[in-house]
Amino acid sequence: MHSVCRISFKTVAIAWVVACASCSSMSREAASALATQGQDAASAYATSVNTTKAELDTYVEGQYLIAPLTDRDEPSASMLKSINEVQSALSLRAQMMMQLAETYRAFGNLANYDAAAQVNQAMVNLSGAVNAYGAAVSPGSTPISGTASSTAGEVGALLAGAEQSRRIRQASALIRTQQTKIGPLLEKEKTTLKNVQDEIVRG
């Protein structure tokens, strides 16, 4: 479980350094560098989340293995339920970060050629991934309002017909807006992760 906690603090910090940088330099070269940094950070985050999810499987298997050898009880139903819920949220978190990486990749392409449509679709997909993760960690919530189609229209309207430098600035601002929705969700899940960690310690 300790690797889950490291994800919550260390890797998020890396991702948000990139997010803050998205509002500064707007040249093509700076946008391309930012896109690479953002894609690398988000991809590394997703990999770490998937690794943690696998480690939870290993932990449960280990508990079943040592229970008869140490006269301990096997994992309780409530523990397994909590772990399954965390794993489900971790899967959605990883998908969200992979989509963020894809959005940065599209942003990098925008810095080199007319990739407005690609950015548009990536933003729509990211909105869906953020909302799916938000629903998992905060049932009933919709962090990013509006349907995918309306979001596509809004993004497309901002990017269509603008000169390259303006497209880069607008796309950068849109990505940063999405990331401001992600932060509170990650913060909210810390409580759930701590509760599961406490139950594992008690077990």
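Given the structure is predicted, the values throughout are model-derived calculations rather than measurements.

## A closer look at unusual backbone geometry
So, step 1. The phi angle at Asp71 is positive, at roughly 60 degrees, despite the residue not being glycine.
So, step 2. Along the chain, Asp71 turns up in the loop between α2 (28-70) and α3 (77-112).

## Some words on the packing of α3 against helix α4 (residues 116-137)
So, step 1. At a closest axis distance of 8 Å, the pairing of α3 and α4 adopts a crossing angle of 165 degrees. In terms of orientation, α3 and α4 fall into the roughly antiparallel class. Handedness of the crossing formed by α3 with α4: left-handed.
So, step 2. Partitioning the contact of α3 with α4 into residue classes produces 18 nonpolar, six polar and three charged.

## As for the environment of Glu29
So, step 1. Counting through the fold element by element, Glu29 comes out in helix α2.
So, step 2. Spatially, the C-alpha atom of Glu29 lies 7.6 Å from that of Ala111, the residues being 82 residues apart in sequence.

## Looking at the environment of Gln87
So, step 1. With respect to the secondary-structure elements, Gln87 resides in helix α3.
So, step 2. According to the relative accessible area criterion, Gln87 is buried, its value standing at 8%.
So, step 3. Between the alpha carbons of Gln87 and Thr52 there is a distance of 8.7 Å; along the sequence they are 35 residues apart.
So, step 4. Those residues within four positions of Gln87 in sequence are excluded, and the remaining contacts are Lys53, Leu56 and Asp57.
So, step 5. A polar atom in the side chain of Gln87 sits 3.0 Å from the backbone oxygen of Lys53.

Conventions used here
- Residues numbered from 1 in each chain as written.
- Predicted model: local features only at pLDDT ≥ 70, side-chain atom pairs only at ≥ 80, totals over all residues.
- Heavy atoms only, no water.
- Helix = DSSP H or I, 4+ residues; strand = E, 2+ residues; numbered from the N terminus.
- Axes fitted to C-alpha atoms, helices over the stretch in contact; angles between N-to-C directions.
- Parallel < 35°, antiparallel > 145°, perpendicular 65-115°, else oblique.
- Left-handed = near helix turned anticlockwise from the far one by under 90°.
- Nonpolar A, V, L, I, M, F, W, Y, C, P; charged D, E, K, R; others polar.
- Buried < 20%, exposed > 50% of the residue type's maximum accessible area, 1.4 Å probe, protein only.
- Contact = heavy atoms within 4.5 Å.
- Polar contact = N/O pair within 3.5 Å; in protein donor to acceptor, adjacent residues only side chain to side chain.

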